[in-house]
Amino acid sequence: MDNEKGANSIDGDVEFDGEDIATFAKKFERNLHSSLIPRLPDTISTMTSEVMQSTGETSHSNEPTHEHNIIDSSSSSSSKDSAEDDVTLTESGSEQSEFSEFEEVINTSDDDISTDDDDLGQQDRGGTNNDRNHQERSDDFSKQDQNSSDDDHQGVEESDSSEDEVVPINTVGDVPLEWYKDEEHIGYDITGKKIKKKKREDKLDSFLASADDSKNWCKIYDEYNDEEVEVTKQETKLIRRLLKGRAPHGDFEPYAPYVDWFAWEDSKHPLSNAPEPKRRFIPSKWESKKVVEYVRAIRKGLIKFEKPKEEPRFYNLWGDDSISTEKTGHGLAYIPAPKPKLPGHDESYNPSLEYVPTQEEINSYQLMFEEDRPKFIPKLFTSLRTVPAYEKAVSESFERCLDLYLCPRARKKRINIDPESLKPKLPSRKDLKPYPTTCFLEYKGHKGAVLSISIEASGQWIASGSSDGTLRVWEVETGRCLKIWEFGEGVQHVAWNPLPNFPILAVSVGQDVFLLNTGFGDEVEQKMIKELLNLDETRTGPDDSSNNASVLSWAKDDIHGGVRLKHFKTVSSVEWHRKGDYFSTVMPAILIHQLSKKLSQRIPFKLHGLPVSSTFHPTRSVFFVSTKKNVRVYDLLKQKIVKKLETGLREVSSIAIHPGGDNVIVGSREGKLSWFDMDLSSQPYRILKCHPKDITNVAFHRSYPLFASCSDDSTAYVFHGMVYSDLNQNPLIVPLEILRGHTSTNGRGVLDCKFHPRQPWLFTAGADSVIKLFCH
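What you are looking at is a predicted structure, and each value in this text was computed from that prediction instead of being measured.

Enquirer: Could you clarify how one ought to interpret the sheet that holds strand β10 (residues 470-475) in this entry?
Expert: Strands pair in a sheet through their backbones, by hydrogen bonds, and they do so in one of two ways: parallel or antiparallel. Read from one edge of the open sheet, 4 strands run β8-β9-β10-β11, paired in antiparallel fashion. The sheet is open, and its two edges are formed by β8 (450-455) and β11 (481-486), each paired on a single side. Direction aside, the axes of adjacent strands within the sheet are offset by 15 degrees on average. Sheet topology note: the β8/strand β9 (residues 461-466) ladder contains 5 bridges and is antiparallel. Looking across to β9, one finds that V450 is bridged to S466.

Enquirer: Whenever I open this one, unusual backbone geometry confuses me. Can you help?
Expert: Peptide bonds are, in most cases, trans, and in most cases residues other than glycine have a negative phi. Here K433 and P434 are connected by a cis peptide whose omega angle stands at 10 degrees. Looking at the element boundaries, P434 is found in the loop between α14 (393-406) and β7 (438-444). The phi dihedral of Q639 is positive, around 55 degrees, even though this residue is not glycine. Looking at the secondary structure, you find Q639 in the loop between β24 (630-635) and β25 (640-646).

Enquirer: Looking at this model, I keep getting lost on a nonpolar patch on the surface. Mind explaining?
Expert: A cluster of nonpolar side chains, namely Y294, I298, L302, I303 and F305, defines an oily patch on the protein surface of about 540 Å² accessible area. As for its placement among the helices and strands, Y294 is situated in helix α11 (residues 285-300). Given the relative accessible area of 47%, Y294 is considered partly exposed.

Enquirer: How should a negative patch on the surface be read in this particular structure?
Expert: On the surface, a cluster of negative charge is contributed by E201, D202, D205 and E228. Mapped onto the elements of the fold, D205 is located in helix α9 (residues 203-212).

Enquirer: How should the nonpolar core be read in this particular structure?
Expert: Soluble globular proteins: nonpolar side chains tend toward being buried together. Counting residues in each nonpolar core, the largest one holds 21 residues, and the members touching the most others are L515, W554, L565 and F583. When contributions to this core are tallied by element, the ones reaching two or more residues are β13 (504-509), β14 (512-517), β16 (552-557), β17 (562-567) and β18 (573-576). If we ignore the near neighbours within four places in the chain, the residues touching L515 are I504, L505, A506, L533, W554, G562, V563, L565, W576, F583 and L595.

Enquirer: What exactly am I supposed to notice about the side chain of D752 here?
Expert: If you trace the backbone, D752 turns up in strand β34 (residues 750-755). Here the side chain of D752 touches I453 through a polar contact of 3.0 Å, landing on its backbone nitrogen. The residues contacting D752, other than those within four sequence positions of it, are L451, S452, I453, T696, N697, C710, F763, T764 and A765.

Enquirer: Before we go on, may I ask you to explain the environment of V507 in this structure?
Expert: Residue placement: V507 occurs in strand β13. Accessibility expressed as a relative area gives 0% for V507, which makes it buried. Each C-alpha atom, one on V507 and one on V491, is 7.1 Å from the other, the two residues being 16 residues apart in sequence. Those residues in contact with V507 that lie beyond four places of it in its chain are L471, F487, V491, H493, V494, D512, V513, F514 and L516.

Enquirer: Before we go on, may I ask you to explain the environment of P618 in this structure?
Expert: Mapped onto the fold, P618 is located in the loop between β22 (611-616) and β23 (622-627). Overall, the relative accessible area of 27% leaves P618 in the partly exposed class. Residues P618 and I657, spaced 39 residues apart in sequence, show a C-alpha to C-alpha distance of 7.6 Å. If we ignore the near neighbours within four places in the chain, the residues touching P618 are R578, I657, H658, P659 and G661.

Enquirer: Hey, could you run me through the side chain of H756 in this one?
Expert: You can see H756 is positioned in the loop between β34 and β35 (762-766). From its side chain, H756 meets the backbone nitrogen of Q759 in a polar contact 3.1 Å long. Once residues within four sequence positions are removed from consideration, H756 is found in contact with G459, V476, H701, W761 and F763.

Enquirer: What is the right way to look at the packing of aromatic side chains in this model?
Expert: A ring pair, where both rings are aromatic, is described by two values, the distance of the centres and the angle of the planes. One pass over the full model with this rule turns up 14 aromatic pairs. With centroids separated by 6.3 Å and ring planes inclined at 40 degrees, the aromatic side chains of Y443 and F763 adopt a geometry described as tilted. Here Y443 is found in strand β7, whereas its partner F763 is found in strand β35, with 320 residues between them in sequence. Pair check on accessibility: Y443 and F763 agree, each one buried. Taken together, a centroid distance of 4.1 Å and an interplanar angle of 10 degrees make the contact between W461 and F520 stacked.

Enquirer: Which parts of the structure should I look at to understand the pattern of salt bridges?
Expert: Any two side chains of opposite charge can pair, on the condition that their charged atoms come close. Tallied over the full model, the rule gives 12 salt bridges. A salt bridge links D512 to K566; the shortest N-O distance between them is 3.5 Å. Of this pair, D512 sits in strand β14 while K566 sits in strand β17, and the two are 54 residues apart along the sequence. The exposure class assigned to D512 is buried, which follows from its relative accessible area of 8%. Two residues, D712 and R748, come together in a salt bridge whose shortest N-O distance is 3.2 Å. Here the residue D712 occupies a position in the loop between β31 (706-711) and β32 (715-722), and R748 occupies one in the loop between β33 (732-740) and β34, the gap between them amounting to 36 residues.

Enquirer: I'm lost on the confidence of the model for the protein chain in this one. Help?
Expert: Low-confidence regions, as indicated by low pLDDT, have predicted coordinates that should not be scrutinised in detail. For the protein chain, per-residue confidence averages 76 on the pLDDT scale, and 72% of positions sit at 70 or higher. Per-element confidence in the protein chain is highest for α11, whose mean pLDDT is 94, and lowest for helix α4 (residues 80-90), whose mean pLDDT is 36. Note on residues 1-21: pLDDT under 50 across the span, and 35 contacts to partners over four residues away in sequence or across chains.

Enquirer: Can you walk me through a positive patch on the surface in this structure?
Expert: Judged by side-chain charge, K628, K629, R650, R669 and K689 come together as a positively charged surface patch. Relative to the helices and strands, R650 is located in the loop between β25 and β26 (652-657). Here R650 falls in the exposed class, since its relative accessible area comes to 51%.

Enquirer: What should I look at first to understand the state of the cysteines in this one?
Expert: Note: disulfide means a covalent bond formed between the sulfur atoms of two cysteine side chains. This structure, assessed with the given rule, holds 0 disulfides. For C439, which is in no disulfide, the shortest distance to another cysteine sulfur is to C775 and amounts to 8.3 Å. Judged by relative accessible area, which is 37%, C439 ranks as partly exposed. In this structure C753 is a free cysteine whose sulfur lies 3.6 Å from that of C710, the closest cysteine sulfur available.

Enquirer: Before we go on, may I ask you to explain the environment of K444 in this structure?
Expert: Positionally, K444 belongs in strand β7. When the C-alpha positions of K444 and C481 are compared, they lie 8.9 Å apart, and in sequence the two are 37 residues distant. Filtering out sequence-adjacent residues up to four positions away, K444 remains in contact with W474 and V770. A polar side-chain atom of K444 sits 3.4 Å from a polar atom in the side chain of E442.

Enquirer: What should I look at first to understand the sheet that holds β25 in this one?
Expert: The 4 strands lie next to each other as β22-β23-β24-β25, forming an open sheet whose pairing is antiparallel. Lying at the two open borders of the sheet, with one neighbouring strand each, are β22 and β25. Along the sheet, successive strands turn relative to each other by an average axial angle of 20 degrees, direction set aside. Bridge count between β24 and β25: 6 bridges; the pairing is antiparallel. Residue pairing across strands places V633 opposite K643, the latter belonging to β25.

Enquirer: What is the right way to look at the pairing of β22 in this model?
Expert: Remark: a regular strand shows side chains that alternate across the two faces of the sheet. Across the 6 residues of β22, 5 count as buried, placing the element largely inside the fold. Inspection of the sheet shows β22 paired to β23 by 5 bridges, in the antiparallel sense. Looking at the pairing, T615 lines up with F624 of β23. The hairpin formed by β22 and β23 contains 5 residues between the paired strands.

The rules behind each value
- Residues numbered from 1 in each chain as written.
- Predicted model: local features only at pLDDT ≥ 70, side-chain atom pairs only at ≥ 80, totals over all residues.
- Heavy atoms only, no water.
- Pairing = 2+ DSSP bridges.
- Helix = DSSP H or I, 4+ residues; strand = E, 2+ residues; numbered from the N terminus.
- Axes fitted to C-alpha atoms, helices over the stretch in contact; angles between N-to-C directions.
- Patch = residues over 30% accessible without salt bridge, like charges linked within 9 Å, V, L, I, M, F, W, Y side chains within 5 Å.
- Areas by Shrake-Rupley, 256 points an atom, 1.4 Å probe, with all protein chains shown as cover.
- Salt bridge = Lys/Arg side-chain N within 4 Å of Asp/Glu carboxyl O.
- Buried < 20%, exposed > 50% of the residue type's maximum accessible area, 1.4 Å probe, protein only.
- Lys, Arg positive; Asp, Glu negative; His and termini not counted.
- Charge placed at Lys NZ, Arg CZ, Asp CG, Glu CD.
- Core = buried A, V, L, I, M, F, W, Y, C linked by side-chain atoms within 4.5 Å.
- Contact = heavy atoms within 4.5 Å.
- Polar contact = N/O pair within 3.5 Å; in protein donor to acceptor, adjacent residues only side chain to side chain.
- Phe/Tyr/Trp six-rings, centres within 6.5 Å; stacked < 30°, edge-to-face > 60°.
- pLDDT = per-residue confidence, 0-100.
- Disulfide = S-S within 2.5 Å.

Quick look at the structure:
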């Protein structure tokens with residue numbers, strides 16, 4: 001009977017029939033699921049399914065049902081049944097049985113398993129058999145636990161050889177895998193073949209597979225080699241030991257006994273048994289001679305000893321600590337803490353009556369702000385014995401400590417310097433005369449703002465253009481208006497021909513530039529001017545663009561008696577060359593015209609920005625073009641850029657060239673004036689912040705060391721600018737005078753200023769339609 005019962009039971013505890021194996025497996029899984037860790041039910045389900053498969057196979061082959069151990073509690077490996085069970089479990093693809101994989105989990109929960117075995121037992125089984133089987137299982141588990149612990153403490157062979165390292169499959173090196181994102185492979189193996197990417201599973205399928213896989217918790221995806229790496233049980237133990245702060249290997253002993261390598265049995269005996277020599281017991285003669293020498297040197301004063309420092313019994317409590325040599329002996333700058341204020345009559349315990357406040361004064365202190373109240377209120381005491389302890393002693397001491405600790409102190413050397421001595425030594429203004437100081441004459445007649453003025457080369461006449469559409473020519477000395485031309489549009493700029501034999505005026509009005517014969521001069525000069533301005537037919541200037549559209553056209557002006565140059569954009573300024581045959585016009589492009597041949601051409605340079613103004617060099621074939629940010633200097637013969645002047649200004653408004661040709665002044669819209677020494681640098685030599693508003697124009701005098709600037713603040717500044725022939729001496733710039741007299745109209749002040757060609761006179765044109773002459 002017992003043999004039949006053991007044939008149809010698992011471990012001799014649970015009985016079942018071959019036909020009811022499925023019912024038993026479900027009941028066994030349900031009971032173990034409630035007691036073991038969450039990953040065990042998946043393993044049990046796999047094991048029960050294998051048991052069912054093995055049972056089905058045996059029943060199909062009409063063979064008797066054999067004993068199958070799902071959880072083998074015995075450590076014997078010689079039985080035939082356990083061998084068959086191992087074969088069945090290893091057919092799933094794993095190298096070890098499920099029991100060996102989860103041996104540690106079952107060992108930690110043997111009480112729960114014993115409880116489940118009691119529930120799964122048959123009702124007719126006696127309590128004695130259950131107790132005996134439970135005791136045997138516990139003994140087997142303890143033996144396996146001891147064996148596993150012995151395995152953990154086995155010696156681990158360590159090797160520094162690189163052959164023990166795991167060679168990676170992918171050999172691309174330290175290359176980002178993002179480069180293979182759109183490729184079908186992730187790299188190359190050691191033979192140079194491509195490593196194909198594995199087919200990616202759907203996230204839902206991978207999640208379900210991971211939920212059913214009991215080994216999912218110990219698997220890690222290796223993105224570099226595109227494979228899943230399973231952490232072994234030995235590696236898991238190493239990780240756990242590292243997380244607990246232990247050594248990776250179990251055989252390591254952190255508290256090994258100390259071994260004294262320098263101790264031996266006969267250490268009490270010396271290395272040599274030779275007797276002590278006699279010289280060790282006799283006084284040294286050499287030492288005695290040396291002592292005698294020292295004694296004689298001390299007596300003669302050759303050797304002097306430092307006397308010990310005597311500390312003073314008393315010290316000045318309120319003295320200056322900065323004199324102390326102890327603090328400054330280490331070479332560090334010692335900064336003493338500031339001394340508190342010495343107590344006065346107010347702090348006396350028996351002050352005079354005039355220091356003691358009355359009750360009304362004390363009440364008035366309560367109405368004052370806290371920072372205005374007196375810090376200490378004097379009180380009167382008959383004797384020092386009756387003075388109580390100071391109530392704020394602790395708080396004030398604490399505040400004092402905070403002040404000494406937190407307050408930064410630094411030694412600053414104060415130098416008593418007269419501020420006047422820091423000013424540069426400039427020559428007296430009396431030594432720099434003559435220069436314009438007072439208004440001598442006014443030219444009135446325009447009805448609008450005077451936009452531009454120009455003085456004839458001989459200095460006899462002055463031309464002015466206004467926004468009322470008229471051009472007037474005045475006599476300088478008398479102020480009479482000699483001629484008037486009407487254009488019907490505001491005159492932007494006027495310029496006399498620099499040659500005194502050709503009194504020709506260049507006038508820019510809108511998109512037109514008129515060359516007018518003023519009628520001054522003798523008959524010979526007038527004949528030459530008429531021949532020069534004679535134009536038989538209309539000429540069209542060529543353009544460099546691809547559409548061959550005309551830039552401008554030369555035409556005869558019968559209304560004003562001169563030549564008319566029609567541009568395609570508004571002309572802002574006109575400047576003559578020193579020889580009087582060439583002149584330039586500024587618009588969104590810069591054109592250079594030749595009067596004798598009636599030809600025009602664009603400058604062969606690329607403009608980096610919109611041009612503001614242009615001018616010719618007074619002596620050489622050099623052309624200056626100013627944009628809003630920079631000033632570029634071009635050589636017209638070589639057709640290349642010579643220098644680029646970095647102004648550093650917000651927007652350039654005007655430019656003027658020194659008669660020597662090596663110095664340039666630039667005015668800006670922010671009221672700054674920059675002086676450039678082109679032989680020195682491309683950066684400004686001096687930047688003068690003189691005007692509070694925009695600078696409208698700057699000008700140099702032809703013969704005197706003077707230059708001027710005018711602004712919208714209705715003033716003109718006159719400066720002394722001496723340029724020396726010695727290159728080692730810098731230019732001398734001295735401000736001389738501020739000329740006032742114009743009134744502001746519509747936010748505009750002085751719009752233009754020009755020097756007289758021979759006299760130290762300055763002409764200014766204002767928005768108040770008045771031209772003023774300032775003389776010395």
